[in-house]
Amino acid sequence: MADLANIPPDIAALSFEDALSELERIVRQLEDGRGKLDDAISSYERGTALKRHCEAKLREAQAKIDRITVAADGTLGTEPARID
């Protein structure tokens, strides 16, 4: 996954829930706008990495629940699992 190549190791080690929680905290902090510009830029960059990490985790979860299908000609494919 190319997205994971640019994610710092400390973020890559986070669970989805922990990364999302930190991302939410950063968003609240940036929305308040009380910090220094350099701190806001660093927070924004970390938030971007956290967002990429969360997206990658969601893609991994989706891949685990996609259903493998076999077409009439024998080719394999996947389709999203139905959650009813």
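Residues numbered from 1 in each chain as written. Predicted model: local features only at pLDDT ≥ 70, side-chain atom pairs only at ≥ 80, totals over all residues. Heavy atoms only, no water.

*Asks:* How should the nonpolar core be read in this particular structure?
*Replies:* As a rule of thumb, soluble globular proteins bury nonpolar side chains together. Counting residues in hydrophobic clusters, the biggest one holds 9 residues: Ile7, Ile11, Leu14, Ala19, Leu23, Ile26, Ala49, Leu50 and Cys54. Elements with a minimum of two residues in this core: helix 3 (16-32) and helix 4 (37-65). Dropping the residues within four chain positions of it, Ile26 is found in contact with Ser43, Arg46, Gly47 and Leu50. (Core = buried A, V, L, I, M, F, W, Y, C linked by side-chain atoms within 4.5 Å. Buried < 20%, exposed > 50% of the residue type's maximum accessible area, 1.4 Å probe, protein only. Helix = DSSP H or I, 4+ residues; strand = E, 2+ residues; numbered from the N terminus. Contact = heavy atoms within 4.5 Å.)

*Asks:* How should the environment of Arg52 be read in this particular structure?
*Replies:* In this fold, Arg52 is placed in helix 4. When the C-alpha positions of Arg52 and Val27 are compared, they lie 15 Å apart, and in sequence the two are 25 residues distant.

*Asks:* Explain the environment of Asp18 here, please?
*Replies:* Turning to its location among the elements, Asp18 is positioned in helix 3. For Asp18, a relative accessible area of 45% gives the class partly exposed. Asp18 sits 32 residues away from Leu50 along the chain, and the two C-alpha atoms are 9.6 Å apart.

*Asks:* Which parts of the structure should I look at to understand the side chain of Ser43?
*Replies:* Turning to its location among the elements, Ser43 is positioned in helix 4. Residue Ser43 is classed as buried on the basis of its relative accessible area of 14%. Contacts of Ser43, omitting those with residues within four sequence positions, involve Ile26, Gln29 and Leu30.

*Asks:* Explain the confidence of the model for the chain here, please?
*Replies:* Segments scoring low in pLDDT should not have their predicted coordinates read at a detailed level. Confidence along the chain averages 88 in pLDDT terms, with 92% of residues attaining 70 or more. Across the chain, helix 3 holds the top mean pLDDT of 97, while helix 1 (residues 2-5) sits lowest at 58. (pLDDT = per-residue confidence, 0-100.)

*Asks:* Help me out: how do you make sense of the pattern of salt bridges in this one?
*Replies:* A side chain of one charge can pair with a side chain of the opposite charge if their charged atoms are brought near each other. Counted according to the given criterion, the structure contains 4 salt bridges. The salt bridge partner of Asp10 is Arg46, with a shortest N-O separation of 3.0 Å. Taken as a pair, Asp10 in helix 2 (residues 9-12) and Arg46 in helix 4 lie far apart in primary sequence, 36 residues in all. Judged by its relative accessible area of 44%, Asp10 is partly exposed. Note that Glu22 and Arg46 form a salt bridge whose closest N and O atoms lie 2.4 Å from each other. Taken together, the residues Glu22 in helix 3 and Arg46 in helix 4 connect sequence positions 24 residues apart. On the accessibility criterion, Glu22 (16% relative accessible area) is buried. It is possible to trace a salt-bridge network through shared partners that takes in Asp10, Glu22, Arg25 and Arg46. (Salt bridge = Lys/Arg side-chain N within 4 Å of Asp/Glu carboxyl O.)

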